[in-house]
Amino acid sequence: MRWTLFVGLILAFLLVVEAGAQEEKKRRIEVIPYGGYMWSSGQNVLYGGQNGSLTIESSPFWGVAVDYDLKKQSTQIEFMYTRQVSKYNFELSGEKTFLSDLTVDFMHVAFILGGDESKRFWYTSLALGATHYGVEADDSGEWKFSIGFGLGMKYYLSDRFMLRIQGRAPYTVIGNRDDYICNDSGCLKSAGGNGVWQYELSAGLGIIF
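Residues numbered from 1 in each chain as written. Predicted model: local features only at pLDDT ≥ 70, side-chain atom pairs only at ≥ 80, totals over all residues. Heavy atoms only, no water.

Notes on the overall build of the protein chain
And then number 1: Broken down by element type, the protein chain carries one helix and 12 strands.
And then number 2: Secondary structure elements of the protein chain occur, N-terminal to C-terminal, as α-β-β-β-β-β-β-β-β-β-β-β-β.
And then number 3: Residues counted as buried form 45% of the 209 residues belonging to the protein chain.
And then number 4: Considering only contacts within the protein chain whose residues lie at least 6 apart along the sequence, 66% involve residues at least 24 apart.
And then number 5: In the structure as shown, the protein chain presents an accessible area of about 10,900 Å², 60% of it carried by carbon and sulfur atoms. (Helix = DSSP H or I, 4+ residues; strand = E, 2+ residues; numbered from the N terminus. Buried < 20%, exposed > 50% of the residue type's maximum accessible area, 1.4 Å probe, protein only. Contact = heavy atoms within 4.5 Å. Areas by Shrake-Rupley, 256 points an atom, 1.4 Å probe, with all protein chains shown as cover.)

Laid out in structure tokens, this is it:
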């Protein structure tokens, strides 16, 4: 379902771009598969009568982005999908207790602002969208609002290929949730904090159309 939605949005976007391509031949589309590593902050929770931290284990992730020039290369719009496969842990006094396998999905639309049009294109980005935390104990499929801040560099190898290195910090608004992971030791309950920061570093090879 998530892939169907993402592909549908991209196809609709490409149709709009193609319709306007006759007027702006210089505008480009960049398709960028990428991968990297992601870290996360913790969330205060109560579990088994103890106040600790719910953490997402650091792990690799992968994604794909479609970037489109607006008026020129220095301003772009980006459609992005990212997936991390990880684990939820309960951490107390430096000790971790495994709770559940976890998948984290991001769907974001970002505005990219960079420097001059050259082989090395340094940029900042601001993204808005949604995050999905998928655990075995929760089949609700609920998406949460999220925002992301990014810094990166694109290096244009030729008219058809480019390299991208990026650092990003997504923030997801979780809110107060009770009993969303339960096992023999009890259920997790929120104990303060309405959001989760994640931090990622990635690299990718893009194709330019």
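What to know about a nonpolar patch on the surface
And then number 1: Taken together, Tyr37, Trp39, Leu126, Phe149, Trp197, Tyr199 and Leu201 make up a surface patch of nonpolar side chains, about 670 Å² in accessible area.
And then number 2: At the level of elements, strand S1 (29-40) and strand S12 (195-208) are the ones that each hand at least two residues to the nonpolar patch.
And then number 3: Per-element tally for the nonpolar patch: the top contributor is S12, with three residues. (Patch = residues over 30% accessible without salt bridge, like charges linked within 9 Å, V, L, I, M, F, W, Y side chains within 5 Å. Salt bridge = Lys/Arg side-chain N within 4 Å of Asp/Glu carboxyl O.)

Focus: the environment of Ile208
And then number 1: Secondary-structure assignment places Ile208 in strand S12.
And then number 2: Not counting chain neighbours up to four residues away, the residues in contact with Ile208 comprise Arg28, Ile29, Glu30, Tyr156, Ser158, Asp159, Arg160, Phe161 and Met162.

Re the nonpolar core
And then number 1: By size, the foremost hydrophobic cluster in this structure holds 28 residues, and its most contacted members are Tyr88, Leu99, Leu102, Tyr133 and Leu188.
And then number 2: Mapped onto this core, the elements with two or more residues apiece are S1, strand S2 (43-47), strand S3 (50-56), strand S4 (59-69), strand S5 (75-92), strand S6 (95-114), strand S7 (120-135) and S12.
And then number 3: Considering every element that reaches this core, the biggest residue donor is S6, with five residues.
And then number 4: Beyond its immediate chain neighbours, meaning those up to four positions away, Tyr88 contacts Leu54, Thr55, Ile56, Thr97, Phe98, Leu99, Ser100, Leu102, Tyr133, Val135 and Ile181. (Core = buried A, V, L, I, M, F, W, Y, C linked by side-chain atoms within 4.5 Å.)

A short note on the packing of aromatic side chains
And then number 1: Under the counting rule described, the total for this entry stands at eight aromatic pairs.
And then number 2: Grouped by ring-pair contacts, the aromatic residues Phe149, Tyr171, Trp197 and Tyr199 constitute a single cluster.
And then number 3: One cation-aromatic arrangement involves Lys154 over Tyr123; the distance from NZ or CZ to the ring centre is 5.7 Å.
And then number 4: Against the face of Phe106 rests Arg168, its NZ or CZ located 5.8 Å from the ring centre. (Phe/Tyr/Trp six-rings, centres within 6.5 Å; stacked < 30°, edge-to-face > 60°. Lys NZ or Arg CZ within 6 Å of the ring centre and 35° of its normal.)

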